[in-house]
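Structure at a glance
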Amino acid sequence: MNLQDRNKVFIDRDKLYGLLDRQAPSDNELNEILNKALKLHGLNIEDVATLLCVNDSCQIEKIMHTAHLVKEEIYGKRLVLFAPIYTGNVCMNNCTYCSFRKDNHLIKRKILTMDEIEQETRALLRQGHKRVLLICGENNKNGTDYMCQAIRTTYAVRENLIKPNGSVIENYIRRINVELAPMEAHDFARLHEEKIGTYVCFQETYDPIEYKRFHPAGTPKADYEYRLTVMDRAQEGGINDVGIGALFGLTDYRFEVLGIMEHAKHLEDCYGCGPHTVSVPRLEPAVGAPDAQNVPHPVSDEDFKKLVAIIRIALPYTGMILSTRENSDMRNTLINYGISQISAGSKTNPGAYSEEESTGSQFELGDHREMEEVINSFIDEGYVPSFCTGCYRKGRVGEDFMDLAKPGLIKQYCLPNALFTFKEYLEDFAHEDTKAKGMAMIKQMIEQYDQKQLVPKIKENLDNIEKGGRDVYF
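Residues numbered from 1 in each chain as written. Predicted model: local features only at pLDDT ≥ 70, side-chain atom pairs only at ≥ 80, totals over all residues. Heavy atoms only, no water.

Some points on the overall build of the protein
Going by this rule: Numbering of helices and strands runs from the N terminus; a helix is a DSSP stretch of H or I covering at least four residues, while a strand is a stretch of E covering at least two. We compute the radius of gyration from the C-alpha atoms alone; for a globule the expected value is 2.2 Å times N to the 0.38, where N is the number of residues. The classification of residues rests on relative accessible area computed with a 1.4 Å probe and restricted to protein chains. Under 20% of the type maximum is buried, over 50% is exposed, and intermediate values are partly exposed. Every residue pair with non-hydrogen atoms within 4.5 Å of one another is taken to be in contact.
When helices and strands are counted, the protein shows 21 helices and 11 strands. Computed over C-alpha atoms, the radius of gyration of the protein comes to 22 Å, within 12% of the 23 Å expected from 2.2 N^0.38 for 474 residues, which places it in the range of a compact globule. If you line up the protein on its principal axes, its C-alpha atoms span 65 × 55 × 40 Å. Classification of the 474 residues of the protein by burial places 62% in the buried group. If you take every contact in the protein between residues at least 6 apart in sequence, the share linking residues at least 24 apart comes to 75%.

Some thoughts on the packing of helix α19 (residues 411-428) against helix α20 (residues 432-448)
For any two helices packed against each other, the geometry comes down to the angle between their axes and how far apart the axes lie. Cut-off, in case you're wondering: Lines are fitted to the C-alpha atoms to define the axes, a helix being fitted only along its stretch in contact, and any angle between axes, read from their N-to-C directions, falls within 0 to 180 degrees. Between 65 and 115 degrees an angle is taken as roughly perpendicular, under 35 as roughly parallel, over 145 as roughly antiparallel, and anywhere else as oblique. Each crossing gets its handedness from the near helix: less than a right angle anticlockwise from the far helix is left-handed, clockwise is right-handed. Under the grouping applied here, Gly and all other residues not named as nonpolar or charged are polar, the nonpolar ones being Ala, Val, Leu, Ile, Met, Phe, Trp, Tyr, Cys and Pro and the charged ones Asp, Glu, Lys and Arg.
Between α19 and α20, the shortest axis-to-axis distance is 10 Å and the interhelical angle comes to 160 degrees. It follows that α19 is roughly antiparallel to α20 by the angle criterion. Seen along the crossing, α19 lies across α20 with a hand that is left-handed. Between α19, through Leu415, Leu419, Phe422, Lys423, Leu426 and Glu427, and α20, the contact on the second element is made entirely by Thr434, Lys435, Gly438, Met439, Met441, Ile442, Met445 and Ile446. Counted by class, the contact of α19 with α20 contains nine nonpolar, two polar and three charged residues.

Brief notes about the environment of lysine 457
Position of lysine 457 relative to the elements: it lies in helix α21 (residues 455-466). For lysine 457, a relative accessible area of 37% translates into the label partly exposed. Here the alpha-carbon distance between lysine 457 and glycine 42, two residues 415 residues apart in the chain, equals 34 Å.

Remarks on the nonpolar core
Our working definition: Throughout this description, the term nonpolar core refers to a set of buried Ala, Val, Leu, Ile, Met, Phe, Trp, Tyr and Cys residues connected via side-chain atoms within 4.5 Å.
Of all hydrophobic cores here, the largest spans 133 residues; its most connected members are Leu191, Tyr199, Ile260, Val280, Leu307 and Ile311. At nine residues, the largest contribution of residues to this core is made by helix α12 (residues 253-271). Ignoring sequence-local partners within four residues, the contact set of tyrosine 199 consists of Val178, Leu180, Ala181, Pro182, Phe188, Val230, Met231, Ala234, Ile239, Asp241, Val242 and Gly243.

Side note on the packing of aromatic side chains
Inclusion rule: Here a pair means two rings of Phe, Tyr or Trp (six-membered ring of Trp) with centres within 6.5 Å. Their orientation is stacked below 30 degrees between planes, edge-to-face above 60, and tilted elsewhere.
Applying the stated rule across the entire model yields seven aromatic pairs. Their ring planes at 15 degrees and their centres at 4.2 Å tell us that tyrosine 17 and phenylalanine 255 sit as a pair that is stacked. Separated by 238 residues along the polypeptide, tyrosine 17 in helix α2 (residues 13-19) and phenylalanine 255 in helix α12 bring together distant segments of the chain. A residue is classified by how much of its surface remains accessible, and tyrosine 17, at 28% relative accessible area, is partly exposed. The interplanar angle of 85 degrees and the centroid separation of 5.3 Å between the aromatic rings of phenylalanine 420 and phenylalanine 474 together place this pair among those described as edge-to-face. Residue phenylalanine 420 is located in helix α19, and its partner phenylalanine 474 is located in the segment after α21; the two are separated by 54 residues in the primary sequence.

Digging into helix α3 (residues 27-37)
Condition: Directions are taken from the helix axis to each C-beta atom, and the arc is the one they span.
The complete set of buried residues in α3 reads Leu30, Ile33, Leu34 and Ala37. Take α3 and look down its axis: the buried residues cluster within an arc of 95 degrees, on one side only. Summarising the geometry of α3, the exposed residues directed more than 90 degrees from the buried face are Asn28 and Glu32. Next to the buried residues of α3 lie α4 (45-52), α5 (57-75) and α14 (301-314).

A word on α4
One full turn of an α-helix is made of 3.6 residues, so residues set three or four places apart face in the same direction. The test is simple: Identification of polar contacts relies on pairs of N or O atoms within 3.5 Å, with a donor-acceptor requirement for protein atoms, meaning one able to donate a hydrogen and the other able to accept it, and with residues adjacent in sequence counted only if both atoms are side-chain atoms.
By the criterion of burial, α4 is predominantly enclosed, with seven of the eight residues buried. Considered for burial, the residues of α4 that qualify are Ile45, Asp47, Val48, Ala49, Thr50, Leu51 and Leu52. Where α4 is buried, its residues contact α2, α3, α5, α12 and α14. Two or three places before glutamate 46, at the start of α4, stands the capping residue asparagine 44, its side-chain oxygen 3.1 Å from that residue's backbone nitrogen.

Concerning the layout of surface pockets
So the rule is basically this: A cavity, in this analysis, means grid points on a 1 Å lattice covering only the protein atoms where a 1.4 Å probe fits yet has no way out; a pocket is instead an open set bounded by protein on both sides within 12 Å along at least five of seven lines, and a residue lines either one if it has an atom within 4 Å of a point. Grid points are joined across faces, edges and corners, and a volume is the space filled by probe spheres set on the points.
Roughly 450 Å³ of internal volume is contained in the largest pocket. His41, Leu43, Glu268, Ala314 and Leu315 are, among the 21 residues lining the largest pocket, the residues nearest its centre. Considering each element in turn, the lining of the largest pocket owes the most residues, five residues, to α12. Tallied by class, residues from the lining of the largest pocket come to 11 nonpolar, five polar and five charged. Roughly 390 Å³ of internal volume is contained in the second largest pocket. Taken together, 17 residues make up the lining of the second largest pocket; nearest its centre are Gly76, Lys77, Lys411, Leu415 and Tyr449. Within the residue set of the lining of the second largest pocket, elements represented by two or more residues are α5, α19 and α20. Across the lining of the second largest pocket, the residue classes break down as six nonpolar, five polar and six charged.

Quick notes on empty space enclosed by the protein
By rolling a water-sized probe across the atoms, one finds the places where empty space is left. For the structure on display, the rule yields three cavities of 30 Å³ or more. Space inside the largest cavity adds up to approximately 820 Å³. Looking at the largest cavity, it is lined by 48 residues, and the ones nearest its centre are Tyr86, Ile135, Glu179, Phe202 and Gln362. Listing elements by their share of the lining of the largest cavity, those giving two or more residues are β1 (78-88), β2 (131-136), β5 (175-179), β6 (198-200), β8 (277-279), β9 (319-322) and β10 (341-343). No other element matches the four residues that β2 contributes to the lining of the largest cavity. Looking at side-chain class alone, the lining of the largest cavity contains 24 nonpolar, 14 polar and 10 charged residues. Empty space within the second largest cavity amounts to approximately 390 Å³.

By themselves these figures say nothing about function.
Now the structure itself:
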């Protein structure tokens, strides 16, 4: 099956809108779908469409409760943290919702040098980050050659921390994910050689007609089909983990959720493994971007919570990412109903972590908290902040990861590895009050851990970290 044929079969605009032309389910019909979801095998697109038509507050509460149970069963009380590094805001596209659009003359443009990328990386390491997402605008200056060099630069940075006893702790980035414009399979092969984690690219909208409105002709991003088939080329180039998403607010959010479902099914059918992550950015104000100032299809807070919950129960083993577009209250709420990865202390303008001078941001942030404040709030919510990269470096990726995740075997690694990285953060970066709360949480998590045979090894690794050991994982 060639790429063009694949595109024809996995997004059918009329079919998806037709699925939304239905009545809300009865309580019995809803319960049947939610009971199916609790078996942790996901939902088909008809089930998802039915849930998207629910507007009754009591029925929505049932959906949210089911999502909470699914989230807790698969991910438990852990939450992965990361930060983006914007390597540039120069772009040849003219997307009507983005400040980076080429016709926007209201922002200052910049493409980071390798020295500047090193400084951004050092700034994040000093906060305690271990995972980063490299992002850039699409242009001829920071293509594949530039990004490969940026990846090598970021991985090579070492930021030493001198402890009170005189010992030296070496900090470095352990996983780099990338969010880049679509490219060819041979370019993905080069990224794979650089040992990236997940390749992320959002379709923005799965509606091919509306897509043309938001992405004017004459720019690379105007090609809907080329963007839609990018994950096929990524797979052919050897990328094991891919991340998809839509920008909610451009069209009917229900259609976009169905588009995500079809995309996930396509990847599962063609490559034996669905998306590693799904991102759910909601359109926020952005300087010089007309559709960000006047959102075409605003998504209310209640609908946003509902769509997150539906995606969680429909794709139970797929990580869900929430950025700092959302405010702290929304972020603290959604970690209970589906979100498993979250950015912390983020900046969306190039050079923002290490320089006082501000360049143009991609959008307005909703959460301006610093890293430790975010971590404190998650501890208060009962979640272990995790910087784990163990699966990636142990080769538990792609289909191999799903083979462990679906029968529940991956859980024996997840909480211990989260505790190890959290312990590192507490020892190296946290203030005393945060450290005290965090250590109490670690103790409680060990006491409640059901894999009792692993507890001695977990305690041994935690003691090793306290004595200066680092980067231990199962």
